Amino acid sequence: MTSPNGIAPNGIAPNGIAIVDKPAGCTSHDVVAQARKALGTRKIGHSGTLDPDATGVLILGVGKGTRLLRFLGDLPKTYTTEIVFGAETSTLDAAGEVTATHDMSAVTEAQVLEAAAALTGEITQIPPMVSAVKVQGRRLHELAREGKEVERPPRTVTIHHFDLTPTAEPHIWHAEVQCSSGTYIRTLAADLGIALGGGAHIQNLRRTAIGDFTQAHPVDDIQLLPLTAAVAHLETINVSNITDIIHGKVLPRQQLSHTGDGPWAVIDSAGDLLAVYKPHPEKDGLVKPAVVVAN
């Protein structure tokens, strides 16, 4: 049992996930460091890095919850931001230096919406030089700080919706984007500016959701959710005979009553998460644990 802020009594290490509202001006790793102090444990990781200037939903895995972060990485993300047309910057956001300006006063609302629609669905992006993507063993932002620019392989992402609303400032538009994991919102905005015959950058980027996780708390009011929350989007299998599960045994498919392709969250009669199982990659008809949290 944990206290309201998730800290376990009697020195018992806490386990679960926490949905933190990351403030601007700190890294995702800084938030992890703050959470370690708040919860009294070093075993904390995060899923879905946010840039230092970005705010919003950041998922932390605590204790055994760190083993479950892999199942959260592919959840869709939702962001809000402001797209500033007419200026390109070195970082594609307001923190960078202006590298080019464009007169985009003639661009109409219809043109903006049409260009945004063309950037919806499956698209290709080139990661920005200020990203954490590794190329030949080096993170791009490290190379960028050294003044270097390298060729980056494009990646395919999915923009589920790209909604734009004009603001009182003609060159600034409010945007809400729901997208697949790995999407760069700053690149999306820059590509939109190019499509309109000019350039653009973003400001006030905020992640409002990861999957169904929307309720985030400041790190100084951290709330710990149970391990089951991390796998709530997976199909659930309830079992009464837990011995084979907690020992991580490879099992025949028919021993677990399931549908779909997995992975599956295996829950005991008390509603606690025991493990996550997946199809055996080499032996048809068998399933194996992706992770066991019951031990």
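For the structure itself, look to the data block above.
Summary of the structure given here.

Calculation notes
Residues numbered from 1 in each chain as written. Predicted model: local features only at pLDDT ≥ 70, side-chain atom pairs only at ≥ 80, totals over all residues. Heavy atoms only, no water. Helix = DSSP H or I, 4+ residues; strand = E, 2+ residues; numbered from the N terminus. Polar contact = N/O pair within 3.5 Å; in protein donor to acceptor, adjacent residues only side chain to side chain. Contact = heavy atoms within 4.5 Å. Pairing = 2+ DSSP bridges. Buried < 20%, exposed > 50% of the residue type's maximum accessible area, 1.4 Å probe, protein only. Arc of directions from axis to C-beta.

## What about the side chain of Thr-89?
Tracing the backbone through its elements, the reader meets Thr-89 in strand β5 (residues 87-89). At 2.7 Å, the side chain of Thr-89 forms a polar contact with the backbone oxygen of Asp-93. Excluding anything up to four places from it in sequence, Thr-89 contacts Gly-96, Glu-97, Val-98, Thr-99 and His-201.

## Brief notes about the sheet that holds strand β14 (residues 235-238)
The strand order β14-β16-β17-β18-β15 describes an open sheet built from five strands, whose pairing is mixed. Of all strands in the sheet, those bounded by a partner on one side alone are β14 and β15 (251-252). Looking at chain direction, strand β17 (residues 273-279) and strand β18 (residues 286-292) are connected through five bridges and run antiparallel. If you follow Val-276 over to β18, its bridge partner there is Val-291.

## Focus: helix α2 (residues 109-118)
In an α-helix, one turn spans 3.6 residues, which is why side chains three or four residues apart end up on the same side. Listed as buried for α2 are Val-112, Ala-115 and Ala-116. Down the axis of α2, the buried side of the element spans an arc of 100°, and every buried residue falls inside it. Facing away from the buried side of α2 by more than 90 degrees, the exposed set consists of Ala-110, Glu-114, Ala-117 and Ala-118. Buried residues in α2 make contact with β4 (77-85), β10 (155-166), β11 (172-179) and α4 (185-195).

## Observations regarding unusual backbone geometry
Here the bond from Gly-262 into Pro-263 is cis, since omega is 0°, no more than 30 degrees from zero. The residue Leu-92 is not glycine, and still its phi comes out positive at about 65°. Positionally, Leu-92 belongs in the loop between β5 and β6 (98-101). In the Ramachandran plot, Asn-204 falls in the positive-phi region, its phi being about 55° despite a non-glycine side chain.

## Thoughts on the pairing of strand β3 (residues 55-62)
Within β3, eight of the eight residues are buried, which leaves it mostly tucked inside the rest of the structure. The pairing of strand β1 (residues 16-22) with β3 spans seven bridges and is antiparallel. The partner of Asp-21 across the bridge, within β3, is Val-57. When strand β2 (residues 44-47) meets β3, the two strands line up antiparallel, connected through four bridges. Across the sheet, the residue bridging to Ser-47 is Ile-59, located in β3. Both β3 and strand β12 (residues 200-210) contribute to a ladder of two bridges, which runs parallel. Bridge assignment links Gly-56 to a residue of β12, and that residue is Arg-207.

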